[in-house]
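One letter stands for each residue in the lines below.
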Amino acid sequence: MHRPRSIAISLLPASEDDIPSLIRVHMTAFAYDNSARLMFKDKDEYETALLDMLKAQLSNPKIAVIKAISKDTGNVLGWQASRFLGEDDDLGAVAGVEEVEDETKDRKENTPTLRSVIRKDSVRVQQDWMANREYIHFTTLVVDPAAQGHGVGTALVRWVTDNADEHGIYCWLQSSQAAHGIYLKAGFKDVGSFEVDLREFAPGGKRGGWGWGLYKYRYMLRLPGS
Ligand SMILES: CC(C)(COP(=O)(O)OP(=O)(O)OC[C@H]1O[C@@H](n2cnc3c(N)ncnc32)[C@H](O)[C@@H]1OP(=O)(O)O)[C@@H](O)C(=O)NCCC(=O)NCCS
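Residues numbered from 1 in each chain as written. Predicted model: local features only at pLDDT ≥ 70, side-chain atom pairs only at ≥ 80, totals over all residues.

A. Here's a closer look at the packing of helix α1 (residues 19–29) against helix α3 (residues 43–58). In the contact formed by α1 and α3, the axes pass within 10 Å of each other and the chain directions differ by 125°. Relative to α3, the element α1 is oriented oblique. In terms of crossing hand, the pair formed by α1 and α3 is right-handed. Two secondary-structure elements touch here, α1 through Ile 19, Leu 22, Ile 23, His 26 and Met 27 and α3 through Tyr 46, Glu 47, Leu 50, Leu 51 and Leu 54. In terms of residue class, the contact of α1 with α3 is made up of 8 nonpolar, 1 polar and 1 charged. (Axes fitted to C-alpha atoms, helices over the stretch in contact; angles between N-to-C directions. Helix = DSSP H or I, 4+ residues; strand = E, 2+ residues; numbered from the N terminus. Parallel < 35°, antiparallel > 145°, perpendicular 65-115°, else oblique. Left-handed = near helix turned anticlockwise from the far one by under 90°. Contact = placed C-beta atoms within 7 Å. Nonpolar A, V, L, I, M, F, W, Y, C, P; charged D, E, K, R; others polar.)

B. Inspection of α1 at higher detail. Every buried residue of α1 is listed here: Leu 22, Val 25, His 26 and Ala 29. Looking down the long axis of α1, one finds its buried residues gathered within 100° of arc, a one-sided arrangement. Taken together, the buried residues of α1 touch α3, β2 (63–70), β3 (76–85) and β6 (135–143). (Buried ≥ 20, exposed ≤ 12 C-beta atoms within 10 Å, placed from the backbone. Arc of directions from axis to C-beta.)

C. Molecular detail of the nonpolar core. Counting 40 residues, the largest nonpolar core has Ala 68, Leu 77, Trp 79, Val 152 and Cys 171 as the members making the most contacts within it. At the level of elements, α1, α3, β2, β3, β6, α5 (152–167), β7 (170–175) and β9 (214–222) are the ones that each hand at least two residues to this core. Apart from the residues within four sequence positions on either side, Trp 79 is in contact with Ala 14, Leu 22, Val 25, Val 65, Ile 66, Lys 67, Ala 68 and Val 142. Ranked by size, the runner-up nonpolar core spans 5 residues in total, among them Leu 38, Leu 114, Ile 118 and Phe 201. (Core = buried A, V, L, I, M, F, W, Y, C linked by C-beta atoms within 7 Å.)

D. The arrangement of the site of the ligand in detail. Among the 22 residues in the neighbourhood of the ligand, the closest are listed as Gln 148, Gly 151, Gly 153, Thr 154 and Gly 181. If you list the elements that add at least two residues to the shell around the ligand, you get β6, α5 and α6 (180–185). Split by residue class, the shell around the ligand holds 10 nonpolar, 10 polar and 2 charged. (Near = placed C-beta within 6 Å.)

E. Main features of the environment of Leu 51. Secondary-structure assignment places Leu 51 in helix α3. Taking the C-alpha atoms as reference points, Leu 51 and Ile 19, separated by 32 residues in sequence, lie 7.4 Å from one another. The contact partners of Leu 51, leaving out residues within four places of it in the chain, are Ile 19 and Ile 23.

F. Geometry of helix α4 (residues 114–130). The first and last C-alpha atoms of α4 sit 24 Å apart over 17 residues, in line with the 24 Å expected at 1.5 Å per residue. Within α4 the residues assigned to the buried category are Leu 114, Arg 115, Ile 118, Arg 119, Ser 122 and Gln 126. The buried side chains of α4 occupy one side of the element, clustering within an arc of 115° when seen end-on. Turned more than 90 degrees away from the buried face of α4, the exposed residues are Gln 127 and Asp 128. (Expected span 1.5 Å × (residues − 1).)

G. Spatial organisation of the sheet that holds strand β1 (residues 9–13). Across the sheet, 7 strands lie side by side as β1-β2-β3-β6-β7-β9-β8; this open sheet has mixed pairing. Edge positions in the sheet fall to β1 and β8 (189–197), since each of these pairs with one other strand and no more. For this sheet, the mean inter-axis angle between neighbouring strands, taken without regard to orientation, is 20°. Contacts between α5 and the sheet are confined to β1, β2, β3, β6, β7 and β9, with β6 contributing the most and set at about 170° to the helix. (Pairing = 2+ DSSP bridges.)

Dropping the structure here:
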């Protein structure tokens, strides 16, 4: 079978100067993810949440933000963020974009927002499995759609799992629907899931939300050396 060739990349720590590229890659990577499309009211709110998340991630010495750049063009093709947690760390502190504070209720309808529903379940399950452990919380993985399918995502995942193996610690993540296969190949195992009915958050609600339906997040754990 024909396999497309890998793209030559370098993995480097990202800095504040990379923020516009990191935001662009995140937004294009998630453009077709139904859950992400309903998390924010509009493009501006999404961009602001990403900016807040990246500033918090880049200024936190316990979070590694690693970019994959093309060796040919120097362009950012993808990036990942992963947070090293010790036994005493607060699981609820900002890490992924769904964890950036938002209104927990839609003010007009007085109903919970999609982000708050996802965040609540994620913190609950993570607490259940990971309290009092030392581990890496793999919070963000995105690859520019133009560069997908050429091993960039796999290389970014390997950066995280190599680090976990080196330190002999667990890895934890909440997987999108698209990324599940890549994590299984990297030795992560499903330990739970969270299914959300996107129609409840779509314009028009349950009656009018045609084409949205169920979205399944999976909680995944990887033991060192898997
Ligand atoms: C998930 C995501 C990061 C994967 O990135 P990617 O760069 O396309 O990943 P890879 O190329 O390493 O691997 C993807 C597939 O290509 C295959 N592949 C990897 N290297 C390859 C190569 N050199 N040649 C051909 N195929 C390759 C992998 O085996 C994998 O196959 P699969 O579809 O059967 O699982 C990307 O699709 C993305 O950004 N999605 C949207 C955002 C998202 O959901 N992020 C995860 C949040 S938890």
